[in-house]
Amino acid sequence: MTKTIFVTSAMRKWSRRLFLTVAGGLIMASAVGLPVQAQDAEWQKVIEAGKKEGTLVLYTALVGQPSTKAIAEAFTEEYGIEVEILEARASEIRERVRVEQAAGRFAADVMFTSEGQTMLYNTQDKSVDPLPVTPNSGKINDRFKLKVPMASVMTIPYGIMINTSLVKPEDEPKSWKDLADPKWQGKILSDDPRAIGAGYLWFFSTHDRIGEDYVRKVAEQKLVFTRDQRESQRRTARGEYSIYMPVILTDFSDLKGLPVKFIIPEEGVPYVLYGNVLLKKAPHPNAAKLYLDFMQSPTVQKIYAGLGYGPVLDGMTEGLPADVKAISEAKLYGTTDTTRQNEMLAKSKEIFK
Amino acid sequence: MTIIHNRSLDDIDDTAPVLGGNAITRAFSGGSLMRLIGMLVLILILGFLTIYPLSMLLYGSLHSTPPGMAGEFNLDGYRSIMTTQNLMILANTVGISLAKTIPSLTIAVFLAWIVARTDTPFRGTLEVLITLPFFIPPILTAMAWGMLANPQVGVINMVWRWLTGAQDPLINIYSYGGVIWHMCQYSIPFLFLFMVDAFRAMDPSLEESSRMCGASRWTTFRKITLLLMLPVLTSSFMLSFIKGIETFESALFFGLPAGIKVITTDIYESINHRATPDYQYATSLSFAIMGLMFLLVIAQWAVLRGKSFQTVTGKGFRPNVMELGPWRWVTFAFCVLFFVVTVVLPVGQLLLGSFFRFFGFYTYDMLTLEHYRAVFSNSEFWRAVRNTMMLGLLGATATMALGAVVAYISIRTKWRGRSLIDGMAWLPWMMPGMVLGVGFLWAFAMLPGPIPIYGTVWALLLAYIALGTPVAVRVMTGSYHQLSYDLEECSRVHGASWFQTMWRILVALAWPAFAVGWVLTFFGIMRELSASILLYSVGSETLAVVLLKLWANGNAEQVSVIGLMMMLLVILFRWVQLRFIKARISKL
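Residues numbered from 1 in each chain as written. Chains lettered and ligands numbered in written order. Predicted model: local features only at pLDDT ≥ 70, side-chain atom pairs only at ≥ 80, totals over all residues.

**Student:** Quick question: what am I supposed to make of the overall build of chain B here?
**Tutor:** The helix and strand tally for chain B stands at 25 helices and 0 strands. A total of 588 residues make up chain B; the buried ones form 49% of that total. For chain B, contacts bridging at least 24 residues in sequence account for 78% of all contacts bridging at least 6. (Helix = DSSP H or I, 4+ residues; strand = E, 2+ residues; numbered from the N terminus. Buried ≥ 20, exposed ≤ 12 C-beta atoms within 10 Å, placed from the backbone. Contact = placed C-beta atoms within 7 Å.)

**Student:** Any chance you could explain the overall build of chain A here in plain terms?
**Tutor:** Scanning chain A from terminus to terminus reveals 11 helices and 11 strands. Relative to its 353 residues, chain A shows a buried fraction of 46%.

**Student:** Explanation requested: unusual backbone geometry in the structure shown.
**Tutor:** When glycine is set aside, most residues are seen to have a negative phi, and most peptide bonds are trans. Residue and element names in this part refer to chain A. In this structure, Pro-246 follows Met-245 across a cis peptide bond, with omega equal to -15°. The residue Lys-126 is not glycine, and still its phi comes out positive at about 50°. Within the secondary structure layout, Lys-126 lies in the loop between helix H4 (115-125) and strand S4 (151-163). In this model, Lys-281 sits at a positive phi of 50°, which is unusual for a non-glycine residue. Summarising the element assignment, Lys-281 is placed in the loop between strand S9 (269-278) and helix H8 (285-295). Take Lys-281: there are 14 C-beta atoms within 10 Å of it, and that puts it in the partly exposed class.

**Student:** Quick question: what am I supposed to make of the domain arrangement of chain A here?
**Tutor:** It is common to give the size of an interface as the accessible area lost on bringing the parts into contact. All names here are of chain A. Domain boundaries in chain A define domain 1 (48-154 + 272-329) and domain 2 (158-271 + 334-351). Measuring from the centre of the C-alpha atoms in domain 1 to the corresponding centre in domain 2 gives 28 Å. Taken residue by residue, the interface counts 11 residues in domain 1 and 8 residues in domain 2. Of all the secondary-structure elements, those providing two or more residues to the side of domain 1 that touches domain 2 are H4, S9 and helix H10 (322-328). Of the residues forming the side of domain 1 that touches domain 2, the biggest block, 3 residues, is contributed by H4. By residue class, the composition of the side of domain 1 that touches domain 2 is 8 nonpolar, 3 polar and no charged. (Domains from an automatic or database assignment. Nonpolar A, V, L, I, M, F, W, Y, C, P; charged D, E, K, R; others polar.)

**Student:** How should I be thinking about the nonpolar core in this particular structure?
**Tutor:** Soluble globular proteins tend to pack their nonpolar side chains together in the buried interior. Counting 261 residues, the largest nonpolar core has Val110(A), Ala112(B) and Met195(B) as its most contacted members. Take this core: its biggest share by element is 16 residues, from helix H8 (residues 176-200) of chain B. Each of domain 1 (48-154 + 272-329) and domain 2 (158-271 + 334-351) of chain A accounts for three or more of the residues forming this core. Each residue touching Val110(A), except ones within four places of it in the same chain, is listed here: Leu56(A), Leu58(A), Asn276(A), Leu278(A), Leu279(A), Ala288(A), Tyr291(A) and Leu292(A). (Core = buried A, V, L, I, M, F, W, Y, C linked by C-beta atoms within 7 Å.)

**Student:** Whenever I open this one, the interface of chain B and chain A confuses me. Can you help?
**Tutor:** The partner chain A presents 46 residues to the 43 residues of chain B that form the contact. Of the residues that constitute the side of chain B that touches chain A, the class distribution is 27 nonpolar, 12 polar and 4 charged.

**Student:** Whenever I open this one, the packing of helix H9 (residues 204-212) of chain B against helix H10 (residues 217-228) of chain B confuses me. Can you help?
**Tutor:** All names here are of chain B. Running from N to C, H9 and H10 cross one another at 155°; their axes reach a closest spacing of 10 Å. Our classification of the angle between H9 and H10 gives roughly antiparallel. Of the two elements, H9 crosses H10, and the hand of that crossing is right-handed. From H9, Leu-206, Glu-207, Ser-210 and Arg-211 reach across to H10, where they touch Thr-220, Lys-223, Ile-224, Thr-225 and Leu-228. When the residues that make up the contact of H9 with H10 are grouped by side-chain class, the tally is 3 nonpolar, 3 polar and 3 charged. (Axes fitted to C-alpha atoms, helices over the stretch in contact; angles between N-to-C directions. Parallel < 35°, antiparallel > 145°, perpendicular 65-115°, else oblique. Left-handed = near helix turned anticlockwise from the far one by under 90°.)

**Student:** Mind showing me how you'd approach the pairing of strand S2 (residues 82-87) of chain A here?
**Tutor:** Residues in a regular strand project their side chains so that they alternate between the two faces of the sheet. Residues and elements named next belong to chain A. Pairing analysis gives 6 bridges linking strand S1 (residues 55-60) to S2, with the strands arranged parallel. Each residue of the ladder has a partner; that of Val-57, found in S2, is Glu-84. Assessed by its sense of winding, the connection that carries the chain from S1 through helix H2 (residues 66-79) to S2 is right-handed. (Pairing = 2+ DSSP bridges. Right-handed = clockwise from strand over helix to strand, strands pointing away.)

**Student:** Which parts of the structure should I look at to understand the confidence of the model for chain B?
**Tutor:** Residues shown with low pLDDT carry predicted positions that ought not to be read at fine detail. Residue and element names in this part refer to chain B. Mean pLDDT for chain B: 84, with 90% of residues reaching 70 or above. For chain B, helix H1 (residues 23-29) is the element with the lowest average pLDDT, namely 49, and helix H16 (residues 370-376) is the one with the highest, namely 95. Contacts for the low-pLDDT stretch residues 1-27, under 50 throughout, to residues beyond four places or in other chains number 36 contacts. In the predicted assembly, ipTM is 0.84 and pTM is 0.85. (pLDDT = per-residue confidence, 0-100.)

Dropping the structure here:
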């Protein structure tokens, strides 16, 4: 009898647990599951509305990249929405957006630009809207979830390029610090660190991470300055200089066959984070939301990883060739801070007279 | 020798006889009210094209923020440019511009004289060939010269070292000399094109008289030929000098590595390489330069005022040329040398490089036609070609028509306001292209909504007309200066209407200048980037925008393919102009 009572009691306990579990599950389901369904339904509405809008106007500050068109075509295939692309350099496209909005001409939906520029769009021009929450926006790596309203897409990594006919394998620089070795005096072609651009990015990150003494030592190397990334790579390949820095590492595939080597410095790669912003009063707001989401989807993230850019979604580099994978996964070293730009530009001008 | 004091403008009766015809005819030929309205329309057009965008820039220079943003009026922009460093940069810029303008003008005058006034062999072919570099995008010739004359592995220096065993390079393109040389590469053909027809239209009897009176060839050239060319020469000098002040590519490409700074690199930096573009600084600096340049224009007016330079009169003249005897082979050799150095060397690099995977790596396994295939199969390129051809044809024609009217009124009438329109037509030339582009953006975007210019091809077309007008007016001015008033008066006396006179006398006689101006304007439109990049809209990309995209993506070889195609187009245009149109027009 006692046993029976015990069994009964045990069953009751079990039943109560089961009940609690089921009840808890139901509560959880109602707390989480139902809004997920609701969110799905909401997103479905965005998809329908975006398709009805039929067009997306994209402004991009990344000029001449074939990937822009390839991604736009993939987007059109996915949603049937045509993408109209307008390209211009960062300052030009920014002024266009600012003036257009000031004149009440809201022509563009999305701008593809850098984190630094986004801060200026947001704080100075006030030309962007808050970011929408989209299915993919929560899935990206936390370090790329920003305070500024930019939906991060990828990082452009910068490293060192050498001419293999002029630099013996044992002499190859392996780190940023190696560039301060006096043996490179007069042999380094450098992007101009005194103006916003790649050279300044190198200056900013190494100044902050390695220190001012290092930067001053490099300044004593009699660097030759340039502001043309691609032509400088060619000049180095032709043998004018032993080293070109900082080089956009993803360009390595364009120069295959030339006597050059792209080096990922031991410390890591200074980088520029690119992403999309939603422009104010976008004429196709739903198509814009879809595009922002699409750019953070595995489809696009794999396209960028395949080109060597750093994806913002984890696990995108599986199966890539070793050289591309190494660049795409390179340790991120540092980037610039827009709020300190005037101070750091002045310092750079003082050091690199 | 004094300048021929023929009949001056003051001798011509202000009031032309009232003629029949339509409203437009009457506007320019009829009573003073209609003429006033005609002039007002012209002033309005020029005002919209030049004063309006410049006034937006002036606002930008006097306001703490660009148009459309809250801010305040102040003089901070002008205060910030008043630095010792800027003064030194200005002196440097003026020095560089003079150092390129004077030799360029000298060589261009010599070449124009050889081609137009002597019996040098093959001068017809040379006339087309020596102008080719002008029509290639500067970035391409810069790249070519970088490959030819860099101190480390430049072809010229390698040959020099191989020939002499020397260690040091013969030349270094990354220097003051390099900057000036690259600028000359453009200014010599430009000045040559600008002047050659003026040399051609000169009555040789004046030179012959001088020779008969015992003057040597040199004295005749100096005291007759050059003095008669004074309007063209002063205009040429100013166009070239002002352009030299505003030149950008040469200084950025060859000057930056050598630490050479000029005004435009400073302006470029203030817009493109600061945390936030400093438009107030950029526009203030541009206006300060503009003010200085305008002093030059006033000086030119003072030099030319009250003098006449007519060489094409009602009296027939034989357009014969000077027989140089054996010296003609020396002049021929000079032209060939010029052609080899300025055309064969850089263009040869571009042509050779376009058949290899990479410029400068000329091995058998690198041979390819992929760049040609890539360009020909690029749908965006073909769309840009269509857009640019349409804009070029319309733009060049409209610009030259406007330029011809402005030049006519400022040179061949004494109508009230003629100096005003002449001055207005100069303005776009004095503002650096990258700043003026911003001016057009502000001006067209800020127009009231119902005026559909911004975001359409009209914005590009209007900007191109404004940008081309200074050259159009200068070209036509030089030509009109040479035409005697007898010709028009004779035509009018015989009952021809204003337009008939314009067409049969002025257009037919000034046609060569019109055609040269048209080609200069057309190719100016093909190359224009600063305004295009700020005004083009989706679907209205121009060739320059496509070139920028290709260049930015590292496709220098494809850019060269397009540059070479542009050059072929020039040869075609010039051939048609020199062989076909001239023959037809001369029968008018």
